[in-house]
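Here are the chains, one letter per residue:
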Amino acid sequence: MKVSAIICAAGTGERAGFGKNKLLATLYGAPALYHTLKAFDINAVDEVIVTSSAADYKEIKALCAPFGYDTVLGGKTRFAGVKKALEKVSGDIVLIHDGARPFVTEKIITDCIETARTYGSAVCATPATDTMASVYYGVITDVPKRETVYAVQTPQGFFTDDIKKAYEIAADDGIPYTDDSSVYANYIGLPHIFGGDRRNTKLTFREDFLRDVPNLPPVEGCRLGIGADTHAFGGLDDFVTLAGVRIECGYSLVAHSDGDVVLHAVMDAVLSACGLKDIGHYFPDTDKKYKGADSGKLLGQVLAMAKDKGLEPVNVSVTVQAEKPKLAPYIDEMKSSLAKLCSLNEDCVAVGAGTSERLGFVGEGLGIVAYASVLMRKI
């Protein structure tokens, strides 16, 4: 079944006090909406439609563009925006999510899809931990049993035909709906809930953007390492080796080993994350047994050292600066090779390359520099 998602971003967020749509305010170094958009960039979701006000349309459309999401003009209310977006939906199941909930996880999204597929509806909700009360003019009129009260979140998923029908009928009933499950309950049936996450909170006030909680997903037991390596041209061979890939180019790097600056940077990053010394300590260029050594095998030794420390790589990111040779045709092969050497899936490895705009010794074509960062976790 094809799955669509609607992300509601057409509000103004006045209570946050930013003087603009709160979803365009900065959260962890990027617009808050960016984090929500990124959360839905998963294989389980086939189509994403984002609602926007006319005032924010250009900016929101630009945020959506890298993800390939469609942007539609919303209305004066959330209900009106969702109704317009539903007209564009092509999936069998549709998830509707508040753009102001950027902490939604892939698990919540996939649980929503599976619950909707099974029951026809899926409402993300968490049990209330406080005693809840109904209040009228400052007086408590009812205290429901706490075990029957849940805090309703988003996403909320439905069979598309059902929620479209409910919205069409509800358009004329005059009720100020604040969520989609209420619309569904009035005209289709009782919505089915599934377990949410207390971290999946909604950004409402300015302080919500400043507090440490809820946090982004924790990385307990993880360590970050950074490494770098440099080699100059002037060797006697007619090729260079980068990330274990031989690149014929008519020149080579000066090195005691095979001069693989990429793998050397990765090795140093792994050692750094483990709190160990650099590769020069373990593989000195004064030791003849490392003359012309295969850096892939040396990396294997470094990873074994990391394993002895109870650590293994989670992901590796490498950037290479080289005026020559041109590396673009070899990036995919380098990425594949590095993934195999580190026993990682290719989607956990990134290899980028660029020049130095003819500045410095790299820009003058005198050598190559590589930088690497590695995230390690406890085994």
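All residue numbers refer to position in the chain's written sequence, counted from 1. Only residues with pLDDT of at least 70 get local features here, since the model is predicted, and only at 80 or more are side-chain atom pairs given and counted; chain-wide, interface and lining totals rely on the full set of residues. Only hydrogens and water are set aside; all other atoms, that is, all heavy atoms of the structure, feed into the side-chain values.

(A) How the structure looks around the overall build of the protein chain. Secondary structure elements follow DSSP: runs of H or I no shorter than four residues count as helices, runs of E no shorter than two count as strands, and numbering proceeds from the N terminus. Scanning the protein chain for helices and strands turns up 11 helices and 17 strands. The C-alpha atoms of the protein chain give 27 Å as radius of gyration, which overshoots the globular expectation for 379 residues (21 Å, by more than 25%). Seen along its three principal axes, the alpha-carbon backbone of the protein chain occupies a region of about 85 × 40 × 40 Å. A total of 379 residues make up the protein chain; the buried ones form 46% of that total. Taking the intrachain contacts of the protein chain between residues at least 6 apart in sequence as the baseline, contacts between residues at least 24 apart amount to 71%. For the accessible areas, the method is Shrake-Rupley and the probe is 1.4 Å, while residue cover comes only from the protein chains on display. By element, 51% of the accessible surface of the protein chain is carried by carbon and sulfur atoms, the whole surface being about 19500 Å². Counting rule for charge: Lys and Arg are taken as positive, Asp and Glu as negative, and neither His nor the chain ends is counted. Every charge is mapped to an atom, namely NZ of Lys, CZ of Arg, CG of Asp or CD of Glu. Distance between charge centres in the protein chain, computed from 40 positive and 48 negative side chains, equals 2 Å. Restricting the calculation to C-alpha atoms gives the radius of gyration, and the globule rule supplies 2.2 Å times the number of residues raised to the power 0.38. Each residue is placed in one exposure class: buried if its accessible area under a 1.4 Å probe, protein chains only, is under 20% of its type's maximum, exposed if it is over 50%, and partly exposed if it falls in between. Any two residues whose heavy atoms approach within 4.5 Å are treated as being in contact.

(B) Broad picture of the nonpolar core. Definition used in this section: a nonpolar core is a set of buried Ala, Val, Leu, Ile, Met, Phe, Trp, Tyr and Cys residues joined via side-chain atoms within 4.5 Å. Formed by 47 residues in total, the largest nonpolar core has its most connected members in L242, V266, V270, M334 and L338. Contributions of two or more residues to this core are made by β13 (239–242), β14 (245–248), α7 (261–273), α9 (295–308), β15 (311–321), α10 (331–341), β16 (349–354) and β17 (367–378). Considering each element in turn, this core owes the most residues, 10 residues, to α7. In contact with L338, not counting residues within four places along its chain, are A243, L263, V266, V316, V318, V349 and V351.

(C) Representation of α9 in the model. Taking 1.5 Å per residue, 14 residues should reach 20 Å; α9 reaches 20 Å between its end C-alpha atoms and fits that length. Where α9 is concerned, the buried positions are S295, G296, L298, L299, V302, L303 and A306. One face of α9 carries all of its buried residues, which in axial projection span an arc of 155 degrees. Looking at α9, the residues exposed on the side facing more than 90 degrees away from the buried face are K297, K307 and D308. Next to the buried residues of α9 lie α7, β15, α10 and β17. Polar contacts here mean pairs of N or O atoms no more than 3.5 Å apart (in protein, one a potential hydrogen donor and the other a potential acceptor; neighbouring residues in sequence count only if both atoms are side-chain atoms). At the N-terminal end of α9, a side-chain oxygen is found 2.8 Å from the backbone nitrogen of G296, two or three residues along, and the residue is D294. Backbone geometry just after α9 places G310 at a positive phi near 80 degrees. Helices are assigned an expected span. That span is 1.5 Å times one less than the residue count. Throughout, the arc means the angular range of directions from the helix axis out to the C-beta atoms.

(D) Quick peek at the pairing of strand β7 (residues 121–127). The buried fraction of β7 is high, at 6 of 7 residues. Where β7 meets strand β10 (residues 150–159), 6 bridges bridge the pair, whose relative direction is antiparallel. Opposite T126, over in β10, you have A151 as the bridge partner. Here β7 runs beside strand β11 (residues 193–195); their pairing, made up of 3 bridges, is parallel. Within the sheet, the bridge partner assigned to C124 lies in β11 and is F194. DSSP bridges decide pairing: two strands pair if at least two such bridges lie between them.

(E) View of unusual backbone geometry. Here the amide bond leading from T154 into P155 is cis, since omega sits at 15 degrees, within 30 degrees of zero. Within the element layout of this structure, P155 appears in strand β10. Cis geometry is adopted by the peptide bond preceding P325, which originates at K324 and carries an omega value of -10 degrees. For P325, the position within the fold is in the loop between β15 and α10. One non-glycine residue with positive phi stands out, namely Y28, at about 55 degrees. Looking at the secondary structure, you find Y28 in the loop between β2 (26–27) and β3 (30–31). Not every positive phi belongs to a glycine, and S343 is a case in point at roughly 55 degrees. Mapped onto the fold, S343 is located in the loop between α10 and β16. Owing to a relative accessible area of 68%, S343 belongs among the exposed residues under this scheme.

Without other data, these values stay purely geometric and don't point to any function.
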